[in-house]
Structure formats: C-alpha cells, structure tokens
Amino acid sequence: MGKHYRAIIHLGLPILVGQVGIVVLVFADTAMVGHYDTDSLAAASFVNNLFNMAMFTIMGFALGITPILGAQYSRGEKEHMGSTLRSGVIVNVSFTVLVMAIMTAVYFNLHRMGQPEKLLPLIKPYFLLYLAGLVPMSLFNVFAQWSYARGNSQLPMWIMLSANALNILGNWLLIYGNCGLPELGLFGAGLSTLASRLLGPAVLLGVFFLAGRYKVYSGGFRRAAVSLRTLRPVALCGFPVAMQMACESGSFSLSAVMAGWLPQGDICLAAYQVIVVTGTLGFTLYYSVGTAVSVLVANQAGLNSCSGMRSVAWAGYRCLLVMMCCSCMAFIFFGRSIMGLFTPDPAVVALAMTLLFPLILYQVADATQINFANALRGTSHVMPMLWIAFVSYIVVGVPVTYLFGFTLEMGLYGIVLSFSVSLCLAAALFLYYFLRATKYE
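Here the residue numbers are simple positions, counted from 1 along each chain's written sequence. In keeping with the predicted nature of the model, local features appear solely for residues at pLDDT of at least 70, side-chain atom pairs appear and are counted solely at 80 or more, and the whole-chain, interface and lining totals rest on all residues. Each side-chain value is derived from all of the structure's non-hydrogen atoms; neither hydrogens nor water enter the calculation.

Draft legend 1. View of the pattern of salt bridges. In the sections that follow, a salt bridge refers to a side-chain nitrogen of Lys or Arg positioned within 4 Å of a carboxyl oxygen of Asp or Glu. Evaluation of the coordinates by the stated rule reveals 3 salt bridges. For E77, the salt bridge identified is with R75, shortest N-O distance 3.1 Å. Burial status follows relative accessibility: with a 1.4 Å probe on protein chains alone, a residue under 20% of its type maximum counts as buried, one over 50% as exposed, and anything between as partly exposed. Overall, R75 belongs to the partly exposed group, its relative accessible area being 45%.

Draft legend 2. Here's a closer look at the confidence of the model for the chain. For the chain, per-residue confidence averages 85 on the pLDDT scale, and 95% of positions sit at 70 or higher. Mean pLDDT values over the elements of the chain span from 69, in helix α1 (residues 2-36), up to 93, in helix α17 (residues 419-437). Within a predicted model, pLDDT stands for the predictor's per-residue confidence, ranging from 0 to 100. Runs of H or I in DSSP of at least four residues are treated as helices and runs of E of at least two as strands, each being numbered from the N terminus.

Draft legend 3. A look at the nonpolar core. F51, W146, Y272 and L412 are the most contacted members of the largest nonpolar core, which has 138 residues in total. Broken down by element, the residue count for this core peaks at 20 residues, all from helix α11 (residues 265-302). Grouping buried Ala, Val, Leu, Ile, Met, Phe, Trp, Tyr and Cys residues that are joined through side-chain atoms within 4.5 Å yields what is termed a nonpolar core.

Draft legend 4. Geometry of the packing of aromatic side chains. Pairs were defined over the aromatic rings of Phe, Tyr and Trp, the Trp ring being its six-membered one, requiring ring centres within 6.5 Å. Orientation was assigned from the angle between planes: stacked under 30 degrees, edge-to-face over 60, tilted for the rest. All chains considered together, the criterion is met by 26 aromatic pairs. Ring centres 5.3 Å apart and planes at 80° place the aromatic pair F209 and F221 in the edge-to-face group. Here F221 lies in helix α9 (residues 215-223) and F209 lies in helix α8 (residues 186-210), a separation of 12 residues in the sequence. Taking 6.1 Å as the distance between ring centres and 45° as the angle between the ring planes, the aromatic pair formed by F372 and F434 counts as tilted. Here F372 is found in helix α14 (residues 356-378), whereas its partner F434 is found in helix α17, with 62 residues between them in sequence. Judged by its relative accessible area of 0%, F372 falls in the buried class. Taken together, F143, W146, F208, F209, Y214, Y217 and F221 form an aromatic cluster joined through their ring pairs. Cation placement over rings: the criterion is NZ of Lys or CZ of Arg within 6 Å of the ring centroid and within 35° of the ring normal. One residue, R150, lies across the ring of W146, its end atom 4.8 Å from the ring centre. Lying over the aromatic face of Y130, R197 brings its terminal NZ or CZ to 4.7 Å of the ring centre.

Draft legend 5. Representation of a nonpolar patch on the surface. A contiguous nonpolar surface patch, about 440 Å² in accessible area, is contributed by M329, I332, F333 and F334. For F334, the location among the structural elements is in helix α12 (residues 306-340). Grouping into patches uses exposed residues only, defined as over 30% relative accessible area, and leaves out salt-bridged ones; the cut-off is 9 Å for like charges and 5 Å for nonpolar side chains (Val, Leu, Ile, Met, Phe, Trp, Tyr). Residue-level accessible areas treat just the shown protein chains as cover; the underlying method is Shrake-Rupley with a 1.4 Å probe.

Draft legend 6. The arrangement of the packing of helix α7 (residues 154-174) against α8 in detail. Between N-to-C directions, angles span 0 to 180 degrees; the directions come from axes that are lines fitted to C-alpha atoms, helices contributing only their stretch in contact. Put simply, α7 and α8 touch, their axes get as near as 8 Å, and they point 155° apart. Between α7 and α8, the interaxial angle falls into the category roughly antiparallel. Pair α7 / α8 crosses with right-handed handedness. For the pair α7 and α8, the contacting residues are L155, I159, S162, A163, L166, N167, G170, N171 and L174 in the first and G188, A189, L191, S192, T193, A195, S196, L199, G200, V203, L204 and V207 in the second. Residues are grouped as follows: Ala, Val, Leu, Ile, Met, Phe, Trp, Tyr, Cys and Pro are nonpolar; Asp, Glu, Lys and Arg are charged; every other residue, Gly included, is polar. Here the contact of α7 with α8 is built from residues that sort into 12 nonpolar, 9 polar and no charged. The cut-offs work like this: below 35 degrees is roughly parallel, past 145 is roughly antiparallel, 65 to 115 is roughly perpendicular, and the gaps in between are oblique. Whether a crossing is left-handed or right-handed is set by the direction in which the near helix is turned from the far one by less than a right angle, anticlockwise for left-handed and clockwise for right-handed. Two residues qualify as a contact provided that any one of their heavy atoms is within 4.5 Å of a heavy atom in the partner residue.

The following block contains the structure:
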C-alpha cells in the first residue's frame, strides 16, 4: 500500500501544483474583474459557467485516452503510444469543432436565456473570445495526457504555470489599461485568457516534436497510419467520459442560468461566481489526485491486476479525504477573507457568505465521485459513466436544483445545496461500478 501512496504523490504533486496555479489564475481573474465592476463580474460568471460545460466536455474526451496510453506505457509500447496520440489528436479536435458549433448556436440565443439585459453587451464579446480558445485547449489536453501516462506530470505543470502567469500579467495590462494600453475591462480579460490558451499547446507541441528524448514517441506519431480501426477505440473511450463531465458541468451551468432568474439577478450571478470559484479550491485539489489514480489504475490494468487497481483507488481516496478536510477548514476559517478578494461589493460578499454551509456539505461527495470516476476510467470500463452522469446530474440534479431554488423558495442557497444530492448519487454509483469492474481473480 505504501508504494501506491508514494506513486500517487509522485505523479499527483506536480499536477496539484499546476492545478493550484489554475486556482490562482481563476482567483486572479475573478478578483481583477470583480474589482473592475460588479456588472463585469456577473457577466463573467454567466459566460464562465456556460463554458465550463464545453471545456469540461472537451477535457473529458481527452481524458478517455489516458487508460489506453497508460496501459501501453506499462507494456513498454512507446512507438505505439505515438500512433495512439495521433489518433487522439484527430478525434479530439473533431469533437471540439462539434462543441464549438453547439456553443455558436448558444451565442445566437443568448438574448433568450433570461439574463439581465444590461449584461448582454459585456457577455457577447467575452463569449466569442472564450469560443476561440477551445481548439488550443483541446490540443494541450491531449498532449498532457500523453505526458501523464508516462508518469511525467512536471512538463504540463510548468507550461500551465507559465501560461497562467502570462494571463495574470495580461489582465493587469488590459483590464485596467496599465502601461499606456487601452482600458478594455472584461474584454481585456478575455484577450488575456485567449493568449494564455494559445501559448500552452504551442510550447507543449514544440517540446514533443523537437526534444530528442521524445523522438520515439514523435516518430510513432508521424508514421502512424490513421484509419477507422485506430480512431474507434480512442473515440469509444473518450465519449462516455466526455458525456459524464458534460452532464456534471452542465448541471452547474444550468444552475448559473437559474441564478440569473432570481430577484436581483446580477447580484445573485456575482455571488454564485464567487462561491463556485471558491469551491474550485477543493475541486482542483481532488482532480490532481484523481488524475494520478486514473493513470496508476490504468498501469495496473495493463498488468491485469484487479487487486492492484483496488489498492490504488483506495489509497487515492484516503489522500482525497485528507485534502477534503483541509479544503473545508479553509472555507470555515478563511471563507470571508477568500470571498472578499473577488469583489468590494458588500451585497455580493454577504450573499456569498450565506452559501458557506452548502459549499462545505458537497465537498465529501465531490471528492468521492472524482476519485471513483477516475478509478473507473482507469479500468477502461467507461460506458457506465455516461448513464450514471446523465441520471445523477440531469435526471435528478436539474429538477432538484429547481425544486430547492424556486418551488421550495430557498433561492440561491437552495441552488447550491442541491449540488450535494446529485454528487452523492454519482459517487455511490461510480464506486459500485468500479468494484464490479475490479472483481478479484
């Protein structure tokens, strides 16, 4: 068991550092926009939560390639990993273009979504800048999974940290108009985010193709024969994971839309953004360990060791429970200070603070579902993930959100409280199917 903890820490720690960098970026984005004005924060909340669904769906599709690459790496099939990666690039970019088409249709219907009319001039240009960054983000995700599958999580970490630093600098220059640059407000934040999303894949692809130590992988990538036979397994592994993450993030996106329906929708949207960004502190910690669990379970699956897969998953879960406790303590003791970083508006901070209990409540379920969803993904038995997510987050989660928020008249408190219901159901089902997939020999 001790070796699994060491492996999880070795692989997960750089991912954690990279994820903390993303948290810092999200915190900085929200704080910089929130201190510019409350309308910009509300508009950013709406767009960010709409695109969370698109971005997590794309990320989920890329995650589907991890168990394939992880199993190949454990068997020493390095050139084969390069050819699998090429199939992954083709399938993932094609899928991303489809997501972009859907989001374009959403763009032309923004005025029908019941949001405060005064926010639309801020929402629309920011939306287009986010849309432009989806393909670069997809490329980075695919090549990052190749690096993770090899046990090298440091490379994507340093690239993400560098891109995040560029984004924060760009925000400072373009939101407020420092150093003689134009003051662009929320649009400037969008430009800065797009620049950072272009930088990440440019550097990672340059390293992959130009570094001599990766020649065997890049050679396999260049020589790969692409056909339906090579594309099909990548698509079949990626699609259920993408739909799982689409359903989960989609329920959060719909929650943001519902928050805009409440009285004082701009204040509710701003407070919702503050609480969701605060909650990402926990999510990103859990995600780092979850990614490591998926890779290490895939390595054990390549060796046909069911007992090894279970040992990795339970070791990862214990690590996540420790992280969950740390997150909750941070929310309890520093919640007001954290939320006050994002906006000087006392009404927004006061409303966000009323949501502290439901925020803490859903952390246990979130940590559990992340661990066992990733463990199940590592086994390559991913088809149940699709219906589990659909039932948990859409069939159950969305009606419960409306029930708590509007029918029971609990408002924004009820909307955030409803997250615990869907996350608990998903966690239980992911655990059940992981145990089924790893029955002892």
